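Here are the chains, one letter per residue:
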Amino acid sequence: MSRLDSFIRRLAAQRDILNAIVELVNGTEGPVLEFGLGNGRTYDHLRELFPERRIIAFDREVRSYSSSTPPAENMVTGDIRTSGQAFVGIGAALAHADIGTGHDDIDAVTLTWLPQLMAGVLVKDGIAVSGLPLDRPELAPLALPAGVKEGRYYLYRRR
Ligand SMILES: C[S@@+](CC[C@H](N)C(=O)[O-])C[C@H]1O[C@@H](n2cnc3c(N)ncnc32)[C@H](O)[C@@H]1O
(Lines give C-alpha, C1' and ligand atoms only; values in the text may rest on other atoms or scores of the structure.)
Protein backbone atom coordinates (compact mmCIF):
# COMPACT_ATOMS: atom_id res chain seq x y z
CA MET A 1 0.00 0.00 0.00
CA SER A 2 1.39 3.44 -0.88
CA ARG A 3 2.03 5.93 1.90
CA LEU A 4 -0.74 8.10 0.42
CA ASP A 5 -3.26 5.25 0.67
CA SER A 6 -2.06 4.47 4.18
CA PHE A 7 -2.43 8.12 5.25
CA ILE A 8 -5.94 8.38 3.80
CA ARG A 9 -7.05 5.17 5.50
CA ARG A 10 -5.61 6.28 8.84
CA LEU A 11 -7.48 9.59 8.70
CA ALA A 12 -10.69 7.86 7.58
CA ALA A 13 -10.31 5.49 10.54
CA GLN A 14 -9.80 8.45 12.89
CA ARG A 15 -12.94 10.18 11.58
CA ASP A 16 -15.05 7.01 11.56
CA ILE A 17 -14.09 6.17 15.15
CA LEU A 18 -14.78 9.71 16.39
CA ASN A 19 -18.16 9.71 14.64
CA ALA A 20 -18.98 6.32 16.16
CA ILE A 21 -18.25 7.19 19.79
CA VAL A 22 -20.41 10.31 20.19
CA GLU A 23 -23.13 8.54 22.19
CA LEU A 24 -20.57 6.77 24.38
CA VAL A 25 -18.88 10.08 25.16
CA ASN A 26 -22.22 11.76 25.81
CA GLY A 27 -22.82 9.16 28.51
CA THR A 28 -20.18 10.79 30.71
CA GLU A 29 -19.42 14.31 31.80
CA GLY A 30 -16.09 16.04 31.41
CA PRO A 31 -14.01 17.88 28.85
CA VAL A 32 -12.53 16.58 25.62
CA LEU A 33 -8.73 16.59 25.33
CA GLU A 34 -7.07 16.83 21.92
CA PHE A 35 -3.41 15.80 22.10
CA GLY A 36 -1.70 17.03 18.91
CA LEU A 37 -3.66 20.00 17.57
CA GLY A 38 -1.64 20.16 14.33
CA ASN A 39 -3.46 22.40 11.90
CA GLY A 40 -6.71 21.84 13.76
CA ARG A 41 -8.68 19.67 11.36
CA THR A 42 -9.54 17.09 13.99
CA TYR A 43 -10.17 19.80 16.57
CA ASP A 44 -12.68 21.32 14.15
CA HIS A 45 -14.38 17.93 13.78
CA LEU A 46 -14.50 17.47 17.54
CA ARG A 47 -16.14 20.88 17.87
CA GLU A 48 -18.85 19.76 15.46
CA LEU A 49 -19.38 16.47 17.29
CA PHE A 50 -19.30 17.94 20.81
CA PRO A 51 -20.53 21.53 20.53
CA GLU A 52 -21.34 21.84 24.24
CA ARG A 53 -18.06 20.44 25.57
CA ARG A 54 -14.95 22.24 26.64
CA ILE A 55 -12.21 21.02 24.25
CA ILE A 56 -8.63 21.52 25.45
CA ALA A 57 -5.96 21.18 22.78
CA PHE A 58 -2.23 20.51 23.18
CA ASP A 59 0.75 20.96 20.90
CA ARG A 60 4.32 22.16 21.04
CA GLU A 61 3.22 25.46 19.57
CA VAL A 62 0.14 26.86 17.87
CA ARG A 63 0.32 26.22 14.13
CA SER A 64 -3.38 25.70 13.40
CA TYR A 65 -5.56 27.65 10.98
CA SER A 66 -6.93 30.70 12.75
CA SER A 67 -10.48 29.39 12.36
CA SER A 68 -9.44 26.12 14.04
CA THR A 69 -7.45 27.57 16.92
CA PRO A 70 -8.86 27.14 20.43
CA PRO A 71 -9.29 30.13 22.71
CA ALA A 72 -6.17 30.77 24.78
CA GLU A 73 -7.66 29.25 27.93
CA ASN A 74 -8.15 25.94 26.09
CA MET A 75 -4.75 25.80 24.36
CA VAL A 76 -1.77 24.24 26.10
CA THR A 77 1.64 24.62 24.46
CA GLY A 78 4.82 22.69 25.17
CA ASP A 79 5.79 19.04 25.20
CA ILE A 80 2.69 16.99 26.02
CA ARG A 81 4.83 14.59 28.00
CA THR A 82 5.21 17.29 30.64
CA SER A 83 2.35 19.71 29.91
CA GLY A 84 -0.19 16.85 30.03
CA GLN A 85 0.71 15.91 33.59
CA ALA A 86 -1.17 18.91 34.98
CA PHE A 87 -4.36 17.42 33.50
CA VAL A 88 -4.11 14.00 35.12
CA GLY A 89 -7.27 13.65 37.19
CA ILE A 90 -9.29 16.18 35.16
CA GLY A 91 -11.91 13.52 34.40
CA ALA A 92 -12.07 13.88 30.63
CA ALA A 93 -14.94 12.20 28.81
CA LEU A 94 -12.78 11.77 25.70
CA ALA A 95 -9.05 11.98 25.05
CA HIS A 96 -7.83 11.82 21.47
CA ALA A 97 -4.14 11.56 20.62
CA ASP A 98 -2.86 11.91 17.07
CA ILE A 99 0.83 12.28 17.86
CA GLY A 100 2.33 9.27 16.13
CA THR A 101 5.04 10.07 13.59
CA GLY A 102 5.41 6.85 11.63
CA HIS A 103 9.03 6.69 12.82
CA ASP A 104 9.31 3.63 15.04
CA ASP A 105 12.13 5.01 17.18
CA ILE A 106 10.29 8.27 17.96
CA ASP A 107 6.97 6.52 18.53
CA ALA A 108 8.64 4.03 20.89
CA VAL A 109 9.64 6.93 23.12
CA THR A 110 6.09 8.37 23.00
CA LEU A 111 4.76 4.97 24.01
CA THR A 112 6.80 5.10 27.23
CA TRP A 113 4.51 7.87 28.59
CA LEU A 114 1.39 8.32 26.42
CA PRO A 115 -0.64 5.29 27.61
CA GLN A 116 -0.24 6.32 31.26
CA LEU A 117 -1.20 9.92 30.46
CA MET A 118 -4.29 8.88 28.48
CA ALA A 119 -5.48 6.61 31.29
CA GLY A 120 -4.76 9.31 33.85
CA VAL A 121 -6.79 12.09 32.24
CA LEU A 122 -9.97 10.05 31.69
CA VAL A 123 -13.00 9.72 33.93
CA LYS A 124 -14.28 6.18 34.56
CA ASP A 125 -15.94 5.03 31.31
CA GLY A 126 -14.20 7.85 29.45
CA ILE A 127 -13.08 7.07 25.91
CA ALA A 128 -9.52 7.04 24.54
CA VAL A 129 -8.95 7.29 20.78
CA SER A 130 -5.37 7.09 19.57
CA GLY A 131 -3.20 6.66 16.54
CA LEU A 132 -0.77 4.67 18.70
CA PRO A 133 -1.68 1.60 20.76
CA LEU A 134 -2.29 2.23 24.46
CA ASP A 135 -1.26 -0.77 26.49
CA ARG A 136 -2.55 -0.06 29.99
CA PRO A 137 -4.60 -2.28 32.31
CA GLU A 138 -7.00 0.63 32.99
CA LEU A 139 -7.87 0.86 29.28
CA ALA A 140 -10.17 -1.81 27.87
CA PRO A 141 -10.06 -2.13 24.07
CA LEU A 142 -13.41 -1.55 22.35
CA ALA A 143 -14.58 -2.99 19.04
CA LEU A 144 -13.81 -0.74 16.10
CA PRO A 145 -16.58 0.50 13.82
CA ALA A 146 -17.28 -1.60 10.74
CA GLY A 147 -14.77 -0.91 8.01
CA VAL A 148 -11.91 0.14 10.30
CA LYS A 149 -9.14 -2.42 10.14
CA GLU A 150 -7.52 -3.63 13.38
CA GLY A 151 -4.27 -1.79 14.06
CA ARG A 152 -5.06 1.26 11.94
CA TYR A 153 -6.32 3.35 14.87
CA TYR A 154 -7.11 2.44 18.49
CA LEU A 155 -10.17 2.75 20.73
CA TYR A 156 -10.50 2.10 24.48
CA ARG A 157 -12.78 2.70 27.44
CA ARG A 158 -11.38 3.63 30.87
CA ARG A 159 -12.18 0.91 33.41
C1 LIG B 1 -0.25 14.41 13.00
S2 LIG B 1 -0.24 15.98 13.72
C3 LIG B 1 -1.90 16.15 14.31
C4 LIG B 1 -2.84 16.51 13.24
C5 LIG B 1 -4.19 16.91 13.74
N6 LIG B 1 -5.01 15.75 14.05
C7 LIG B 1 -4.90 17.80 12.75
O8 LIG B 1 -6.09 17.64 12.54
O9 LIG B 1 -4.26 18.68 12.19
C10 LIG B 1 0.64 15.71 15.20
C11 LIG B 1 0.82 16.95 16.05
O12 LIG B 1 1.23 16.53 17.33
C13 LIG B 1 2.23 17.38 17.80
N14 LIG B 1 3.03 16.61 18.76
C15 LIG B 1 3.58 15.38 18.58
N16 LIG B 1 4.23 15.00 19.68
C17 LIG B 1 4.12 16.02 20.57
C18 LIG B 1 4.59 16.22 21.90
N19 LIG B 1 5.32 15.30 22.54
N20 LIG B 1 4.28 17.38 22.51
C21 LIG B 1 3.55 18.32 21.87
N22 LIG B 1 3.05 18.18 20.63
C23 LIG B 1 3.35 17.04 19.98
C24 LIG B 1 3.00 17.82 16.58
O25 LIG B 1 3.62 19.07 16.81
C26 LIG B 1 1.91 17.87 15.52
O27 LIG B 1 1.38 19.18 15.38
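Source: prediction; values computed, not measured. (Residues numbered from 1 in each chain as written. Predicted model: local features only at pLDDT ≥ 70, side-chain atom pairs only at ≥ 80, totals over all residues. Heavy atoms only, no water.)

Focus: the pattern of salt bridges
Link 1 in the chain: Applying the stated criterion across every chain yields a total of six salt bridges.
Link 2 in the chain: A salt bridge links R47 to D44; the nearest nitrogen and oxygen atoms lie 2.7 Å apart. With R47 and D44 both in helix α3 (residues 41–49) and three residues apart, the pair spans about one turn of that helix.
Link 3 in the chain: Taking relative accessible area as the criterion, R47 reaches 29% and is therefore assigned partly exposed.
Link 4 in the chain: Classification of D44 as partly exposed rests on a relative accessible area of 29%.
Link 5 in the chain: Among the salt bridges present, the one from K124 reaches D125, with a minimum N-O distance of 3.6 Å.
Link 6 in the chain: On the accessibility criterion, K124 (56% relative accessible area) is exposed. (Salt bridge = Lys/Arg side-chain N within 4 Å of Asp/Glu carboxyl O. Helix = DSSP H or I, 4+ residues; strand = E, 2+ residues; numbered from the N terminus. Buried < 20%, exposed > 50% of the residue type's maximum accessible area, 1.4 Å probe, protein only.)

Side note on the nonpolar core
The nonpolar side chains of a soluble globular protein tend to be buried with one another.
Link 1 in the chain: Counting residues in each nonpolar core, the largest one holds 23 residues, and the members touching the most others are L33, F35, F58, L114, M118 and V121.
Link 2 in the chain: Looking at this core, the elements with two or more residues in it are β1 (32–35), β2 (55–59), β4 (92–97), α6 (114–121) and β5 (122–130).
Link 3 in the chain: Sorting elements by how many residues they give to this core places α6 first, with five residues.
Link 4 in the chain: Residues in contact with F35, not counting those within four places in the same chain, are F58, I80, A95, H96, A97, D98, I99, L117, M118 and V121.
Link 5 in the chain: Within the second largest apolar cluster, 22 residues are counted, among which are L37, Y43, I127 and Y153. (Core = buried A, V, L, I, M, F, W, Y, C linked by side-chain atoms within 4.5 Å. Contact = heavy atoms within 4.5 Å.)

A closer look at the site of the ligand
Link 1 in the chain: Around the ligand, the structure places 16 residues, and the nearest of them are T42, D59, D79, I80 and D98.
Link 2 in the chain: At a separation of 3.1 Å, an oxygen atom of the ligand approaches a polar backbone atom of R41.
Link 3 in the chain: Contact between the ligand and D79: a nitrogen atom at 2.9 Å from a side-chain N or O atom of the residue.
Link 4 in the chain: In the complex, 83% of the free accessible area of the ligand, which totals 600 Å², lies under the protein chains. (Near = heavy atom within 4 Å. Polar contact = N/O pair within 3.5 Å; in protein donor to acceptor, adjacent residues only side chain to side chain. Areas by Shrake-Rupley, 256 points an atom, 1.4 Å probe, with all protein chains shown as cover.)

Structural notes on the packing of aromatic side chains
Link 1 in the chain: The full count for this structure, using the stated rule, is two aromatic pairs.
Link 2 in the chain: Geometrically, the ring pair formed by F35 and F58 is tilted, given 4.5 Å between the ring centres and 45 degrees between the ring planes. With F35 in strand β1 and F58 in strand β2, this pair connects stretches of sequence that are 23 residues apart.
Link 3 in the chain: Here F35 falls in the buried class, since its relative accessible area comes to 0%.
Link 4 in the chain: The interplanar angle of 85 degrees and the centroid separation of 5.0 Å between the aromatic rings of F58 and F87 together place this pair among those described as edge-to-face. Pair noted here: F58 is in strand β2 and F87 is in the loop between α4 (80–83) and β4, with a separation of 29 residues, a long-range link.
Link 5 in the chain: Owing to a relative accessible area of 0%, F58 belongs among the buried residues under this scheme.
Link 6 in the chain: A residue is classified by how much of its surface remains accessible, and F87, at 16% relative accessible area, is buried. (Phe/Tyr/Trp six-rings, centres within 6.5 Å; stacked < 30°, edge-to-face > 60°.)

Side note on the pairing of β5
Link 1 in the chain: Looking at chain direction, β4 and β5 are connected through five bridges and run parallel. Among the inter-strand pairings, H96 is bridged to a residue of β5, identified as V129.
Link 2 in the chain: One ladder, built from four bridges, connects β5 with strand β7 (residues 154–158); its direction is antiparallel. Among the inter-strand pairings, V129 is bridged to a residue of β7, identified as L155. (Pairing = 2+ DSSP bridges.)

Overview of the pairing of β2
Link 1 in the chain: Counted residue by residue, β2 has five buried out of five residues, so it is predominantly covered.
Link 2 in the chain: Pairing analysis gives four bridges linking β1 to β2, with the strands arranged parallel. Its bridge partner lying in β2, V32 is registered against I55.
Link 3 in the chain: You can see the chain leave β1, run along α3 and come back into β2, and the turn it takes is right-handed.
Link 4 in the chain: Here β2 pairs with strand β3 (residues 75–77) via three bridges, running parallel. Paired with D59 across the strands is T77, a residue of β3. (Right-handed = clockwise from strand over helix to strand, strands pointing away.)

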